[in-house]
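A closer look at the structure
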Amino acid sequence: MTTPDITPPVVTQLQAVPTDISATISWLTNEPATSQVEWSTTPPPALPAIIGVQWEPTLVKAALGSDGWPITWADDGDLYTAYGNGQGFDSLGPRLSLGFAKVQGFPPNLVGVNIRSASGERDMKSYGMLMVDGILYMWAINTNAGSSVLAWSLDHAVNWTWAPWIFSEFGIPCFLNFGQNYQGARDNFIYTFSPDIPSAFNETNTAILMRALRGLITDRTAYEFFAGRDVVGNPIWSRDVLQRLPVLIFPGGVNRMDVSYIAPFGRYVMTMRSVARAGGQNQFSLWEAPEPWGPWTQFFLVGGRAWDVDPGESSHIPTKWVGADGSFYLVFSGTDAFMVRRGVFLR
């Protein structure tokens, strides 16, 4: 009786040559063999590089009575931020709906300095801040009309120019932050995320992604909107806002968000906060992805009242304070203050 050959052949010289509509796959075996290729038009899901977070109990607390705190790492080495409904870091200063400040140092040794701006202090609030090539950009929200507008400053938040156009579709956008002065960016685009809803306060089910070339960010016609993926998983972009598709789906949980590139891990991390104002979720969560267009994976979730401290209405991860070991500092508006908490991403 012949003994069956159960030793698999050795496969070598495996290669795939793609075209726009097909791919030729070839290989060699060290003996005659019957082979089969299994394929799919759907890319395999990416494994999360960050699977959790460990929080430290110690907190830094300053600027009592102010909230918001979108933050970016500027060309001069400082962090620039905006605050709302308070006096910022000057307890003797005026109470502002929209004020500006810079933060110097490294936790826990921080110094916050208010920046007065006659052209920037409006009856608005901000949840998106970014510096690119020495220019400070801000997404400001119209708290009454449900829309957002872009502003920019050439002198570190002292004087602001306001765009003559608005996004009536998106009530509370935020920027994707990379390194200092946008160093280490993945390409030549500026990326903006937003809940897909005109309201800045009500939670919704989906988030969108849009982008513009870094030199054209003030031009409304330069914006492209994420409109899904092609058959090999690459993002599709459209200049038509009506063609936008969700970049993230989180039923009843999409509201105040921010995104930072975590360079030591090569991953993008999104903070997300909603307070069930429209009957959705009261939650604070963290998400991670290999690209700005995802796929996004949630790796931390807690009820808004279940965290051991008040998570506030929004949170941000300054890339200046991200360590090579995966440590970071979260800036959040707990108890309406500038709150800072150290965490470590787990892999």
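Quick summary incoming for the structure in this document. (Residues numbered from 1 in each chain as written. Predicted model: local features only at pLDDT ≥ 70, side-chain atom pairs only at ≥ 80, totals over all residues. Heavy atoms only, no water.)

**Notes on the sheet that holds strand S23 (residues 327–332)**
Either a parallel or an antiparallel arrangement is found when strands of a sheet pair, and the pairing is made through backbone hydrogen bonds. Note the following rule: Strand pairing is defined by DSSP finding a minimum of two bridges between the two strands. Think of it this way: any DSSP run of H or I at least four residues long counts as a helix, any run of E at least two long counts as a strand, and we number them from the N terminus.
Reading across the sheet, the four strands line up as S3-S24-S23-S22 and stay open at both edges, with antiparallel pairing between neighbours. Strands at the two margins of the open sheet, each flanked by one partner only, are strand S3 (52–62) and strand S22 (315–316). As paired elements, S3 and strand S24 (residues 338–346) share eight bridges and run antiparallel to each other. What sits directly across from Val-60, in S24, is Val-340.

**What to know about the nonpolar core**
General note: in soluble globular proteins, nonpolar side chains tend to be found buried as a group. As a reminder, the rule being used: Definition used in this section: a nonpolar core is a set of buried Ala, Val, Leu, Ile, Met, Phe, Trp, Tyr and Cys residues joined via side-chain atoms within 4.5 Å. Think of it in three bands: with a 1.4 Å probe and only protein chains considered, a residue is buried below 20% of the maximum accessible area for its type, exposed above 50%, and partly exposed in between. Throughout, a residue-residue contact means that at least one pair of heavy atoms, one from each residue, lies within 4.5 Å.
Ranked by internal contacts, the top residues of the largest apolar core, which has 61 residues, are Leu-150, Phe-193, Tyr-223 and Trp-296. Aside from chain neighbours lying at most four places away, what touches Phe-193 is Pro-173, Cys-174, Leu-176, Ile-208, Leu-209, Val-247, Met-257, Val-259, Met-270, Pro-292 and Trp-296.

**Observations regarding the environment of Tyr-127**
Heads up, the condition is: Whenever a nitrogen or oxygen atom comes within 3.5 Å of another N or O atom, the pair is scored as a polar contact, on the condition that within protein one atom can donate a hydrogen and the other can accept it, and that pairs from neighbouring residues in sequence are kept only if both atoms are in side chains.
Turning to its location among the elements, Tyr-127 is positioned in strand S8 (residues 125–132). Using a relative accessible area of 2% as the deciding quantity, one classes Tyr-127 as buried. Residues Tyr-127 and Asp-258, spaced 131 residues apart in sequence, show a C-alpha to C-alpha distance of 8.0 Å. Only 3.2 Å separates the side chain of Tyr-127 from the side chain of Lys-125, close enough to count as a polar contact. One polar contact links Tyr-127 to Glu-313, side chain to side chain, over a distance of 2.4 Å.

**Details of the side chain of Asp-258**
Inclusion rule: As used throughout, the charge tally considers Lys and Arg to be positive and Asp and Glu to be negative, leaving His and the chain termini uncounted. Within this document, salt bridges are pairs made up of a side-chain nitrogen of Lys or Arg and a carboxyl oxygen of Asp or Glu, the two lying within 4 Å of each other.
Summarising the element assignment, Asp-258 is placed in strand S18 (residues 256–262). Buried within the structure, Asp-258 lacks any salt-bridge partner; its nearest side chain of opposite charge belongs to Arg-256, at an N-O separation of 12 Å. A polar side-chain atom of Asp-258 sits 2.9 Å from a polar atom in the side chain of His-316. With residues near it in sequence (within four places) discarded, Asp-258 still touches Tyr-127, Cys-174, Phe-175, Val-269, Met-270, Thr-271, Ser-315 and His-316.

**Comments concerning empty space enclosed by the protein**
Rolling a probe over the atoms, with the probe sized like a water molecule, indicates the empty space that remains. To be explicit about the condition: The pocket and cavity definitions rest on a 1 Å grid over protein atoms only: a 1.4 Å probe that fits but cannot leave marks a cavity, an open set with protein on both sides within 12 Å along at least five of seven lines marks a pocket, and residues lining either have an atom within 4 Å of a point. Grid points are joined across faces, edges and corners, and a volume is the space filled by probe spheres set on the points.
In total, this model carries one cavity of 30 Å³ or more according to the counting rule given. Counted as a void, the largest cavity has a volume near 30 Å³. In this structure, the largest cavity is lined by Tyr-127, Ile-172, Arg-256, Met-257, Ser-314, Ser-315 and His-316. Looking at the lining of the largest cavity, the elements that each hand over two or more residues are S18 and S22.

**Looking at the environment of Ser-119**
Within the secondary structure, Ser-119 is located in the loop between strand S7 (109–115) and S8. Residues Ser-119 and Trp-162 lie 43 residues apart in sequence; the distance between their C-alpha atoms is 8.9 Å. Every residue in contact with Ser-119, bar those within four places of it in the chain, is listed here: Val-158, Asn-159, Trp-160 and Trp-162. For Ser-119, the side chain forms a polar contact with the main-chain nitrogen of Trp-160, separated by 2.8 Å.

As far as function goes, none of this settles anything; it's purely spatial.
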